[in-house]
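As a plain string of letters, each chain reads:
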Amino acid sequence: QVQLVESGGGLVQPGGSLRLSCAASRTVFGISAMGWYRQAPGKQRDLVARITSPGSTNYADSVKGRFTISRDNARNTVYLQMNSLKPEDTAVYYCNLHWFYNDYWGQGTQVTVSS
């Protein structure tokens with residue numbers, strides 16, 4: 001059993017930056033993948049970025065060059081640095097952990113990009 005606690009969401013103007021954090025309640029060892037998903041009202045939940053235990057990453061085309069996912073194993077934490085934010089980035093962002101054939105989800109954090 002793993003709990004994921006998210007933080008860092010909020011209201012930001014277009015062009016601004018936010019950093020989301022997701023802290024796991026225990027050490028995540030072995031083969032695993034952690035990712036950030038987002039869901040806007042009336043839309044499906046889509047992958048934003050993913051990072052594997054070896055450190056490889058992949059991103060949705062819409063965020064490439066603007067968002068960076070990283071992982072601090074010593075602190076059991078994954079981050080999403082979001083730069084050059086656009087109104088279309090507005091959504092609830094969910095942290096995900098895939099580990100030992102299971103999926104764990106954070107509680108979600110609201111990101112709103114608006115003037």
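Note that the structure is a prediction, hence the values are computed from the model and not measured.

Basis of the calculations
Residues numbered from 1 in each chain as written. Predicted model: local features only at pLDDT ≥ 70, side-chain atom pairs only at ≥ 80, totals over all residues. Heavy atoms only, no water. Helix = DSSP H or I, 4+ residues; strand = E, 2+ residues; numbered from the N terminus. Rg over C-alpha atoms; globule rule 2.2 N^0.38 Å. Contact = heavy atoms within 4.5 Å. Areas by Shrake-Rupley, 256 points an atom, 1.4 Å probe, with all protein chains shown as cover. Lys, Arg positive; Asp, Glu negative; His and termini not counted. Charge placed at Lys NZ, Arg CZ, Asp CG, Glu CD. Buried < 20%, exposed > 50% of the residue type's maximum accessible area, 1.4 Å probe, protein only. Pairing = 2+ DSSP bridges. Disulfide = S-S within 2.5 Å. Phe/Tyr/Trp six-rings, centres within 6.5 Å; stacked < 30°, edge-to-face > 60°.

**Points about the overall build of the protein chain**
Moving on, step 1. Scanning the protein chain for helices and strands turns up zero helices and eleven strands.
Moving on, step 2. When the helices and strands of the protein chain are placed in sequence order, the string is β-β-β-β-β-β-β-β-β-β-β.
Moving on, step 3. A globule of 115 residues ought to have a C-alpha radius of gyration of about 13 Å, and the protein chain, at 13 Å, matches this closely.
Moving on, step 4. C-alpha extents for the protein chain along the principal axes are approximately 40 × 25 × 25 Å.
Moving on, step 5. Long-range contacts, defined here as pairs at least 24 residues apart, represent 53% of the contacts in the protein chain between residues at least 6 apart.
Moving on, step 6. For the protein chain, the accessible surface area stands at approximately 6200 Å², while carbon and sulfur atoms represent 49% of it.
Moving on, step 7. Charge separation in the protein chain, taken as the distance between the mean sites of 11 positive and 7 negative side-chain charges, equals 3 Å.

**Concerning the pairing of strand 7 (residues 67–72)**
Two faces make up the sheet, and in a regular strand the side chains alternate between them.
Moving on, step 1. Only one face of strand 7 is buried, namely the one carrying Phe 67, Ile 69 and Arg 71, since none of Thr 68, Ser 70 and Asp 72 on the opposite face is buried.
Moving on, step 2. The sheet contact formed by strand 7 and strand 8 (residues 77–82) spans six bridges and is antiparallel. Bridge pairing in strand 8 links Thr 68 to Gln 81.
Moving on, step 3. Counting the residues between successive antiparallel strands, the hairpin from strand 7 to strand 8 contains four residues, one of them, Asn 76, with a positive phi of roughly 55 degrees.

**Considerations on the state of the cysteines**
Moving on, step 1. Scanning the model with the defined rule gives one disulfide in all.
Moving on, step 2. Across a sulfur-sulfur distance of 2.2 Å, Cys 22 and Cys 95 are joined as a disulfide pair. Its S-S torsion of approximately -85 degrees makes the covalent link between Cys 22 and Cys 95 left-handed. Separated by 73 residues along the polypeptide, Cys 22 in strand 3 (residues 18–24) and Cys 95 in strand 9 (residues 91–99) bring together distant segments of the chain.

**A word on the packing of aromatic side chains**
Moving on, step 1. Taken as a whole and assessed by the stated rule, the structure comprises two aromatic pairs.
Moving on, step 2. Relative to Trp 105, the ring of Tyr 37 has its centre 5.2 Å away and its plane inclined at 65 degrees; by these criteria the two rings are edge-to-face. Within this pair, whereas Tyr 37 is found in strand 4 (residues 32–39), its partner Trp 105 is found in strand 10 (residues 102–105), the two being separated by 68 residues in sequence.
Moving on, step 3. Taking relative accessible area as the criterion, Tyr 37 reaches 17% and is therefore assigned buried.

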